[in-house]
Amino acid sequence: MRVAVRATEEAIIRLLRAGHPLSGETVNRAEETRLPVFQSVEAVPAKNLGIEGNGRIVLARGRKDVWFVDIKRRGTPVEMDDGKAFVGMRDKLQAKYPGQKVTGWLVTTADVDAKAKSVIAEKGCFATGGAAKR
């Protein structure tokens, strides 16, 4: 299933700044997901947030909410271990922002395994597979 989300930092930043609801098809939910109002949306190195790795994530901060988007551009499917690592990243960010609700969104060009989706959804986060590369 291909969706109308592009796996680039610029596209994700534009999407979060616009604030339009995410369709249920995009985030694998029955209903659309409303985005909070964000004061800042920027791509930051994961190391700056205390997360291991040399990649960057998109961080959107609002008054009550913090969203982060991890973009994975790859050919191999996202599996259970990747889902657990994503949830671990979310937990680290929740510890960094204790007074705010942290929500994660994994955007990947590959498919997302059903088990990985369920692990990610348990924490109230989202996973979108099959995103366009450009």
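Residues numbered from 1 in each chain as written. Predicted model: local features only at pLDDT ≥ 70, side-chain atom pairs only at ≥ 80, totals over all residues. Heavy atoms only, no water.

Colleague: Provide a residue-level description of the overall build of the protein, including the pertinent values.
Modeller: Looking only at helices and strands, the protein features 4 helices and 5 strands. Shown N-terminal to C-terminal, the secondary structure of the protein runs as helices and strands in the order α-α-β-β-β-α-β-α-β. For the protein, whose C-alpha radius of gyration is 13 Å, the value lies close to the compact-globule estimate of 14 Å for 134 residues. C-alpha atoms of the protein, sized along the principal axes, occupy 35 × 30 × 25 Å. (Helix = DSSP H or I, 4+ residues; strand = E, 2+ residues; numbered from the N terminus. Rg over C-alpha atoms; globule rule 2.2 N^0.38 Å.)

Colleague: Residues and numbers for the environment of Gly-88, please.
Modeller: Within the secondary structure, Gly-88 sits in helix H3 (residues 80–96). When the C-alpha positions of Gly-88 and Ile-51 are compared, they lie 9.3 Å apart, and in sequence the two are 37 residues distant.

Colleague: Which residues make up the nonpolar core, and what values do they have?
Modeller: Formed by 20 residues in total, the largest nonpolar core has its most connected members in Leu-49, Ile-51, Ile-57, Leu-59, Phe-68, Leu-93 and Tyr-97. Every element with two or more residues in this core is listed here: strand S2 (56–61), strand S3 (65–72), H3, strand S4 (101–108) and helix H4 (114–122). The dominant element in this core, judged by the number of residues it contributes, is H3, at 3 residues. Apart from the residues lying within four places of it in its own chain, the contact partners of Ile-57 are Glu-42, Ala-43, Val-44, Leu-49, Ile-51, Phe-68, Val-69, Asp-70, Met-89 and Leu-93. Membership of the second largest hydrophobic core comes to 19 residues, among which are Val-5, Val-41, Val-58 and Phe-126. (Core = buried A, V, L, I, M, F, W, Y, C linked by side-chain atoms within 4.5 Å. Buried < 20%, exposed > 50% of the residue type's maximum accessible area, 1.4 Å probe, protein only. Contact = heavy atoms within 4.5 Å.)

Colleague: Tell me what's going on with the side chain of Thr-33, and back it up with residues and numbers.
Modeller: Tracing the sequence through the fold places Thr-33 in the loop between helix H2 (24–27) and strand S1 (40–45). For Thr-33, a relative accessible area of 13% puts it in the buried group. In contact with Thr-33, other than residues within four places in its own chain, are Pro-21, Leu-22, Val-27, Trp-67 and Phe-126.

Colleague: Give a description of the pairing of S2 that names residues and reports values.
Modeller: Pairing of S1 with S2 involves 6 bridges; the strand directions are antiparallel. Bridge pairing in S2 places Val-44 opposite Ile-57. Relative to S3, S2 runs antiparallel, the two being bridged by 4 bridges. Considered in S3, the bridge of Leu-59 is made with Phe-68. (Pairing = 2+ DSSP bridges.)

Colleague: Any details on the side chain of Thr-8? Residues and values, ideally.
Modeller: On the secondary structure map, Thr-8 appears in the segment before helix H1 (9–18). Setting aside chain neighbours within four positions, we find Thr-8 in contact with Ile-71, Arg-73 and Lys-133.

Colleague: Help me get a handle on the pairing of S3, residues and values and all.
Modeller: Taking burial as the measure, the 8 residues of S3 include 6 buried ones, the bulk of the element. The antiparallel hairpin formed by S2 and S3 contains 3 residues in its connecting segment. Once the chain exits S3 it traverses H3 before rejoining the sheet at S4, and the crossover so formed is right-handed. (Right-handed = clockwise from strand over helix to strand, strands pointing away.)

Colleague: Quick rundown of H4? Include the residues and the values.
Modeller: Within the sequence span of H4, burial applies to Ala-116, Val-119 and Ile-120. Viewed end-on, H4 has its buried residues packed into an arc of 95°, placing them on one side of the element. Within H4, the exposed residues directed more than 90 degrees away from the buried face are Ala-114, Lys-115 and Glu-122. Buried residues in H4 make contact with H3, S4 and strand S5 (126–128). (Arc of directions from axis to C-beta.)

Everything listed here is a matter of geometry and, on its own, says nothing about what the molecule does.
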